[in-house]
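Close look at the chain arrangement
Listed below are the residues making up each chain.
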Amino acid sequence: MTFPDITSAIRASAPDLRGRLLPNHDMSGLTWFRVGGPAQVLFTPADEGDLAHLLAHLPAEIPVTVVGLGSNLIVRDGGIPGVVIRLGGKAFGEISLEAGDRLRAGTAVPDVKVARAAADASLDGLAFYRGIPGCIGGALRMNAGAHGGETTDVLVEARGVTRKGEIVTLSHAQMGFTYRNSAAETHEIIFTSALFQGRPGDQAAIFAEMDRVTAAREAAQPIKERTGGSTFKNPQGGKAWQLIDAAGCRGLRIGGAQVSEMHCNFLINTGGATAADIEGLGEEVRRRVKQNSGFELQWEIKRLGVAGQH
């Protein structure tokens, strides 16, 4: 399906816009699952000021959605109405070291690059980011974590732009971190950079820890497949993959989507899957787990947009 082209109206309301506006842009190439319909408008801002200009002038009735590297994301087959914002380029991709063993990173920086930059600077505490397949913006929104560390452990503050176009900084407390979640939705903020607190460490030991994280991921996760990372949050008192396995879902298929044989909290596009196949498979897994164990699994993967027309 295609949406009405609203790029001219957006440019008219925000005449000083410098970033790119692309109407009906196919989103499937921007997600790791390689599925999904178009964004009504995909906007790539030139910098933080450009992003603020758009948001300050965009009519309130036009919805705004933010995407990062697309690693933890299903875009539904009908696409995403409104403006989809994707941060990229130098303006949102820089890393710098600051006094007091701190590191600042733009929200388009991949998590693995933050881990590497910290290790290069002999900063301990950020190596867990080596195991997270996403970017810093996503890490802030969902309190991303792995291998014993999570974002709440290391974040000092996050900077961003509100839906009204105001540039603000949120303290750690204002971020409202909980397990795999934050108060970002409540604040209606698009994050542009983050400040992290490290601690002095032994460089060789930090690199060894990153190697350990890498080896653990490669041994246990289907990272060479078209997947979206961990599908469901671990419920209180249980592990998602064990509950899925116990419900007999390992290897389960719907259309081109399959529960990974290697790690059953991962869904895979085996080729030719639709977003509906993948989401439908996830819902079937949830149903079987609830029936088998009583646990109600909650999605960790974000699902955006509208269902396709059959």
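Residues numbered from 1 in each chain as written. Predicted model: local features only at pLDDT ≥ 70, side-chain atom pairs only at ≥ 80, totals over all residues. Heavy atoms only, no water.

With that settled, the discussion passes to the sheet that holds strand S2 (residues 38–44). Strand order across the open sheet formed by four strands is S1-S2-S5-S3, with mixed pairing between neighbours. Looking at strand neighbours, the two that pair on one side only are strand S1 (20–26) and strand S3 (64–67), the edges of this open sheet. Averaged over all adjacent pairs, the angle separating strand axes in this sheet is 30°, with direction ignored. Taken together, the four bridges between S2 and strand S5 (residues 80–86) define a ladder with parallel strand orientation. Residue pairing for S5: alanine 39 is matched across the bridge by isoleucine 80. Contacts from helix H2 (residues 48–57) reach S2, S3 and S5, with the element oriented near 160° to S5. (Pairing = 2+ DSSP bridges. Helix = DSSP H or I, 4+ residues; strand = E, 2+ residues; numbered from the N terminus. Axes fitted to C-alpha atoms, helices over the stretch in contact; angles between N-to-C directions. Contact = heavy atoms within 4.5 Å.)

Another point: the pattern of salt bridges. A full pass over the atoms with the stated rule returns 17 salt bridges. Between arginine 159 and glutamate 48 there is a salt bridge, with its nearest N and O atoms 2.6 Å apart. Residue arginine 159 is located in strand S11 (residues 155–162), and its partner glutamate 48 is located in helix H2; the two are separated by 111 residues in the primary sequence. Taking the relative accessible area as the measure of exposure, glutamate 48 reaches 16% and is therefore buried. (Salt bridge = Lys/Arg side-chain N within 4 Å of Asp/Glu carboxyl O. Buried < 20%, exposed > 50% of the residue type's maximum accessible area, 1.4 Å probe, protein only.)

Moving on to the environment of arginine 20. Structurally, arginine 20 can be placed in strand S1. Sequence spacing of arginine 20 and alanine 39 is 19 residues, and the spatial spacing of their C-alpha atoms is 13 Å.

An α-helix turns once every 3.6 residues. As a result, residues three or four positions apart point the same way. Listing the buried residues of helix H4 (residues 111–120) in full gives Asp111, Val114, Ala115, Ala117, Ala118 and Ala119. In this structure, the buried side of H4 is in contact with strand S6 (95–98), strand S7 (102–106), strand S8 (123–124), helix H5 (136–142) and helix H9 (203–220). Looking at the residues trailing H4, positive phi occurs at serine 122, about 60°.

Let us look at the nonpolar core. The biggest cluster of nonpolar side chains holds 33 residues, and the ones touching the most others in it are Tyr129, Ile136 and Phe196. Counting residues per element, the ones that place at least two in this core are S7, H4, H5, S11, strand S13 (189–197) and H9. Ignoring anything within four residues of it in the chain, the contact list for phenylalanine 196 reads Asp101, Arg102, Leu103, Ala105, Leu126, Tyr129, Ile136, Thr151, Val154, Leu155 and Val156. Formed by 23 residues, the second largest nonpolar core is a distinct cluster that contains Phe33, Phe232, Ala275 and Trp299. (Core = buried A, V, L, I, M, F, W, Y, C linked by side-chain atoms within 4.5 Å.)

Attention now moves to the packing of aromatic side chains. Scanning the model with the defined rule gives three aromatic pairs in all. Look at tyrosine 129 and phenylalanine 196: their rings are 5.7 Å apart centre to centre, the planes differ by 70°, and that puts the pair in the edge-to-face class. In this pair, tyrosine 129 sits in the loop between S8 and H5 while phenylalanine 196 sits in strand S13, placing the two residues 67 residues apart along the sequence. Both rings, one in phenylalanine 232 and one in tryptophan 299, keep their centres 5.1 Å apart while their planes meet at 55°; by these two values the pair is tilted. One end of the pair, phenylalanine 232, is in the loop between strand S15 (226–227) and helix H10 (240–246); the other, tryptophan 299, is in the loop between helix H11 (275–293) and strand S19 (302–304), with 67 residues separating them in the sequence. Taken individually, phenylalanine 232 and tryptophan 299 each receive the classification buried, so the pair is uniform in this respect. (Phe/Tyr/Trp six-rings, centres within 6.5 Å; stacked < 30°, edge-to-face > 60°.)

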